[in-house]
Amino acid sequence: TVCPKRRNGGLVTDLDNVKAMIGLLCVGKPHYDAIAEYRDEPWFAMALGIDRLPSPETLRQRIQSFPEKTGRVWRDFTMRLLAANTGLLGEQLHGHTYTVIHCDVSPMDNSDTKKEGVSWTYKNYAGYAPMFAYIGPYGLMLNNELRPGSAHSNCAGTAEWFDQTLTMAGRVSPHRRLIVTDSGNDSAENLKMFAGHEDTDFLVKCNLRKHDPQEWLDMAKEQSKLEDRKFEKVDIGARAWYGEREMVLPGQDKVPDEQKVTQRVVFRAVERFAAPNGQYLFGDQVSVDAYWTSLDWKSKEVHEFYKQRGTSEQYHSELKSDMGVERLPSGKFAVNQQILDLAMIAYNLLWLMGQNMLGSGLVPRRKAQSGRLRLRTVMQNLMYMAGRLVRHARRTVVKIFKGHGWAQPVLALARGPDG
């Protein structure tokens, strides 16, 4: 663990520096200098359980002094936090309970800087290209890895990171795991590793750059005819057919036939002969979405489930925009990885506070207790709620305006689940 003992000369402890950094991340100020704004504000330190706030210089130096292996501490805390909320990690899918893990790359814009690891990303700006793993139906963060901006989504070490992520998921949830990735991680190494993990299913989008879409469309039509299935009407100018096939894993062209490994692939082929407004096209357009999977679901069920993966883009936005983690504060790559790990903790804490307030049924304009609150909503209405700090008779009391719309859910959060 991070050392909680005060250093010689009364210096701020490592643990207090970590708490201070997480506190800054929770209010959307992930920069060392921001701690100076709270030096004369007693509530910030009291809320974090800190006797003495560090100076910006101390905070920067101490965060930079953490060794790389400290990342294990952040992940261990994350796992304990998630394991204490296992009810939020499972979801019912076609009669079975799964813990779904969505993995994706989301570039961070750090243009006009000379930070270590900043390079040109596929989004056409200079920055980083970190990998994230979100667990459960509500988008709690399970794992992350900071990468140089030019790194491919399936760069060296990706399979080991997936293995670490699945191991972590197995420690926090008792349910069967389902890992979902896009076509950037379409490789035999990943697919074999997923298949080798106990109590794990996978859904990986196929990379079809070298495939003829017409061939897939003809195959889907033939299967539909044999199984007496009708096409799906997409809109006025397009029809879709579903199918499945066994395919050799990618990258096995030079492997002897008897040693080649195959895997089930389900797909959806769309034939478009007119625009959605009815304007006919000069020649039909064919597009195909195909997925490697160990699931026994029907092709349409797999495709409909994968479409929900787009929700993870909102999770990226909440981390980078709402919490302000887009431009990482340090010029050193290893230190920015530490900041990203601490941001993962702050992200989950904010989300859990929002979920607990939502569960109280007292959140304004939200009658339903299901769903999730965006982190920006939690920060604006909880972290920045105005109050008055009163010290009297050896007691310290925080008073908030009872007429504030969010006063009741905040008080419910303070009372806890047992009232």
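Cut-offs used in this document
Residues numbered from 1 in each chain as written. Predicted model: local features only at pLDDT ≥ 70, side-chain atom pairs only at ≥ 80, totals over all residues. Heavy atoms only, no water. Core = buried A, V, L, I, M, F, W, Y, C linked by side-chain atoms within 4.5 Å. Buried < 20%, exposed > 50% of the residue type's maximum accessible area, 1.4 Å probe, protein only. Helix = DSSP H or I, 4+ residues; strand = E, 2+ residues; numbered from the N terminus. Contact = heavy atoms within 4.5 Å. Pairing = 2+ DSSP bridges. Phe/Tyr/Trp six-rings, centres within 6.5 Å; stacked < 30°, edge-to-face > 60°. Lys NZ or Arg CZ within 6 Å of the ring centre and 35° of its normal.

Asks: What should I look at first to understand the nonpolar core in this one?
Replies: Nonpolar side chains in soluble globular proteins generally cluster together in the buried interior. In terms of nonpolar packing, the biggest core is built from 99 residues, with Leu319 and Met323 touching the most fellow members. Sorting elements by how many residues they give to this core places helix H10 (residues 333-359) first, with 15 residues. Sequence-distant contacts of Leu319, that is, excluding residues within four places in its chain, are made with Met108, Phe132, Met141, Gly324, Val325, Leu340, Ala343 and Tyr347. In this structure, Leu178, Val180, Leu203 and Phe305 belong to the second largest nonpolar core, which totals 13 residues.

Asks: Whenever I open this one, the pairing of strand E7 (residues 140-145) confuses me. Can you help?
Replies: Two faces make up the sheet, and in a regular strand the side chains alternate between them. Of all six residues that make up E7, five are buried, and the element is covered over most of its length. As paired strands, strand E6 (residues 131-135) and E7 are joined by five bridges and run antiparallel to one another. Considered in E7, the bridge of Tyr134 is made with Met141. Count of turn residues in the E6/E7 antiparallel hairpin: four residues, of which Gly136 carries a positive phi of about 85°.

Asks: I'm lost on the packing of aromatic side chains in this one. Help?
Replies: Under the criterion given, the structure shown has 16 aromatic pairs. With a centroid separation of 5.6 Å and 35° between ring planes, the pair formed by Tyr138 and Trp351 is classed as tilted. Highlighted residues: Tyr138 in the loop between E6 and E7 and Trp351 in helix H10, separated in sequence by 213 residues. Given the relative accessible area of 1%, Trp351 is considered buried. On the basis of an interplanar angle of 70° and a centroid distance of 5.2 Å, the ring pair of Phe162 and Phe194 is categorised as edge-to-face. With Phe162 in helix H5 (residues 158-172) and Phe194 in helix H6 (residues 188-196), this pair connects stretches of sequence that are 32 residues apart. The pair Phe162 / Phe194 is uniform in exposure class, with both members buried. Members of the aromatic cluster, connected to one another through ring pairs, are Phe132, Tyr134, Tyr315 and Tyr347. Above the face of the Trp241 ring, Lys221 is positioned so that its terminal group lies 4.8 Å from the ring centre. Here the basic side chain of Arg245 rests over the ring of Trp216, its NZ or CZ set 4.6 Å away from the ring centre.

The values reported here are purely geometric and, on their own, carry no functional implication.
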